[in-house]
Amino acid sequence: MAHPPHPTPHDRHTSDDRHTSDDRHTCDDGRPQGPGHGHGHAHGHDTDIDWAEMAPHLEAQAELFTPLYERALSWLGKEVTEPGLIVDAGSGPGVVSTLFAETFPGARVMAVDGSAPLLERARQRAERLGHGDRFGTLAGELPGVLQQLDYPADLLWAGRSLHHLGDQRAALTAFAERLAPGGTLAIMEGGLPSRFLPRDLGFGRPGLEARLDALQEEWFAQMRADLPGSVDEAEDWAALLGAAGLRHARSRSFLLDLPAPASDRARSYVVATLSRLRDGFGDSLDPGDRATLDRLLDPQDEAGVHRRADVFVLAAHTVHTAVKPV
Ligand SMILES: C[S@@+](CC[C@H](N)C(=O)[O-])C[C@H]1O[C@@H](n2cnc3c(N)ncnc32)[C@H](O)[C@@H]1O
């Protein structure tokens, strides 16, 4: 295991912050949740993402998903014992980075992201939670920015960030190069589309969420096609991890199961997510589905998600790991 000195907060900021262009998409289970005002197009929708603008949603989402992350990290902890340096590549506002700091009290954690404002939130969060002395940030474009790490990582985590890089195969190779011998690469990619409501709502045509999934799939494909240096790649993660020179590929899925009645926090998340879908895909829905979504989002409507009793959150995310040969 590498045992680098504790990174100082702010120890590595670059000025590269290209991920703050004007837009507002978000990811839930690795899927976009609505287009904004960038310049890519999927059925007329934009595919650029303003990550800094998404900070509150990314934070709320990762906080709600904390039980899922805790189980994923505890599973990782059985494979990766006493890591010296953990790198969170594409950390966003650092909710998961700080969970790493909590789960691995002997480790230094380096949050890496293209958005300096998100990293600032990550740093503040680490300070607030008492992990500031072993938490650092590094701002810049992945995967190249990882060259600036002073030490190889014992655990490199990329949670729902790899699919935002044009050449995923090249990125995995670059991630693998930054691992210490025996180090583990863990990516969270794929899983299942989340569900918040029964198939039949009691009004409208049943299956609204499945039709929204289909629109998001199209958006996702276009978002990938519009990325700089975009390369089509079959998403066989075990094969790609192997091609990056790693061994012992494993995959495991983790569930977030928050049954009805929803907590205020879960309900707010559902409202925020459906609102983004309405903003992003409303024009692509048929008039019936658009009316159903509008009714679901009406705070006064007893059948809307603000008030109905049967709102829940059910999500599954998959983690794929592999180890660098010693
Ligand atoms: C969907 S968010 C995931 C955030 C966090 N890992 C989580 O699971 O909550 C994707 C993150 O990847 C970062 N990102 C996307 N493309 C990037 C790039 N090319 N270089 C560096 N960071 C990038 C974004 O700024 C954003 O914080």
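Everything numeric here is computed off the predicted structure, so don't read it as measured data.

What the protein contains, in helices and strands, is 9 helices and 7 strands. For the protein, with 326 residues in total, the buried portion stands at 47%. Put simply, 77% of the contacts in the protein that link residues at least 6 apart link residues at least 24 apart.

Turning our eyes to something else, we now look at the sheet that holds strand β5 (residues 179–195). With respect to topology, 7 strands assemble into an open sheet ordered β3-β2-β1-β4-β5-β7-β6, the strand pairing being mixed. Both outer strands of the open sheet, β3 (135–139) and β6 (247–258), are each paired with one neighbouring strand and no more. Neighbour to neighbour, the strand axes of the sheet diverge by 20° on average, direction disregarded. One ladder, built from 3 bridges, connects strand β1 (residues 85–89) with strand β4 (residues 153–159); its direction is parallel. Across the sheet, residue V87 finds its bridge partner in β4, namely L156.

Let us look at the site of the ligand. Looking at the ligand, there are 21 residues lining it, with W51, G90, G92, G114 and L142 nearest. Breaking the shell around the ligand down by element, the ones donating at least two residues are α1 (55–64) and α3 (95–103). A per-class count over the shell around the ligand returns 9 nonpolar, 9 polar and 3 charged.

I86, A89, F100, L156 and L185 are the most contacted members of the largest nonpolar core, which totals 82 residues. Excluding anything up to four places from it in sequence, I86 contacts F100, F104, A107, V109, A153, D154, L155 and W157.

Those residues of helix α5 (residues 168–177) that sit buried are Q168, A171, L172, F175 and A176. Down the axis of α5, the buried set is contained in an arc of 140°. They therefore lie on one face. Looking at the buried positions of α5, the neighbouring elements they touch are β1, β4, β5 and α7 (237–243).

Running from amino to carboxyl end, helix α2 (residues 66–79) crosses α3 at an angle of 45°, the nearest separation of the two axes being 10 Å. Overall, the two elements α2 and α3 adopt an arrangement that is oblique. Note on packing geometry: the crossing formed by α2 with α3 is right-handed. Counted together, T66, Y69, E70, L73, S74 and G77 of α2 and V96, L99, F100 and T103 of α3 form the full contact between these two elements. In terms of residue class, the contact of α2 with α3 is built from 5 nonpolar, 4 polar and 1 charged.

Across the protein, the average pLDDT comes to 89, with 86% of residues at 70 or higher. Contacts of residues 1–44 to residues separated by more than four positions or lying in other chains number 154 contacts, the stretch itself having pLDDT below 50.

Over its 13 residues, helix α4 (residues 116–128) extends 18 Å from the first C-alpha to the last, a length consistent with the 18 Å expected when each residue adds 1.5 Å. Within the sequence span of α4, burial applies to L118, L119, R121, A122, R123, R125 and A126. Of the surrounding elements, those touching the buried residues of α4 are α1, α3, β2 (108–113) and β3.

It is worth spelling out the environment of A221 at this point. Locating A221 in the fold gives a position in helix α6 (residues 208–226). For A221, a count of 13 C-beta atoms within 10 Å puts it in the partly exposed group.

Between L142 and P143 the backbone carries a cis peptide bond, its omega angle lying at 0°. Residue placement: P143 occurs in the loop between β3 and β4. Between A260 and P261 the backbone carries a cis peptide bond, its omega angle lying at 0°. The topology assignment puts P261 in the loop between β6 and α8 (264–281). The backbone of E82 shows a phi angle near 50°, a positive value even though the residue is not glycine. Along the chain, the position of E82 falls in the loop between α2 and β1. Residue classification places E82 among the exposed residues on the basis of 12 C-beta atoms within 10 Å. One non-glycine residue, H248, lies in the positive phi region at around 60°. Relative to the helices and strands, H248 is located in strand β6. Residue H248 is classed as partly exposed on the basis of its 14 C-beta neighbours within 10 Å.

This paragraph deals with the packing of α1 against α8. Between α1 and α8, whose axes approach to 10 Å, the crossing angle comes to 135°. Compared by their axis directions, α1 and α8 come out oblique. The element α1 and its partner α8 pack so that their crossing is left-handed. Side by side, α1 and α8 meet where H57, A60, Q61 and L64 of the first sit next to R265, A266, Y269 and A272 of the second. Within the contact of α1 with α8, the residues separate by chemical class into 5 nonpolar, 2 polar and 1 charged.

What counts, and where the lines are drawn
Residues numbered from 1 in each chain as written. Predicted model: local features only at pLDDT ≥ 70, side-chain atom pairs only at ≥ 80, totals over all residues. Helix = DSSP H or I, 4+ residues; strand = E, 2+ residues; numbered from the N terminus. Buried ≥ 20, exposed ≤ 12 C-beta atoms within 10 Å, placed from the backbone. Contact = placed C-beta atoms within 7 Å. Pairing = 2+ DSSP bridges. Axes fitted to C-alpha atoms, helices over the stretch in contact; angles between N-to-C directions. Near = placed C-beta within 6 Å. Nonpolar A, V, L, I, M, F, W, Y, C, P; charged D, E, K, R; others polar. Core = buried A, V, L, I, M, F, W, Y, C linked by C-beta atoms within 7 Å. Arc of directions from axis to C-beta. Parallel < 35°, antiparallel > 145°, perpendicular 65-115°, else oblique. Left-handed = near helix turned anticlockwise from the far one by under 90°. pLDDT = per-residue confidence, 0-100. Expected span 1.5 Å × (residues − 1).

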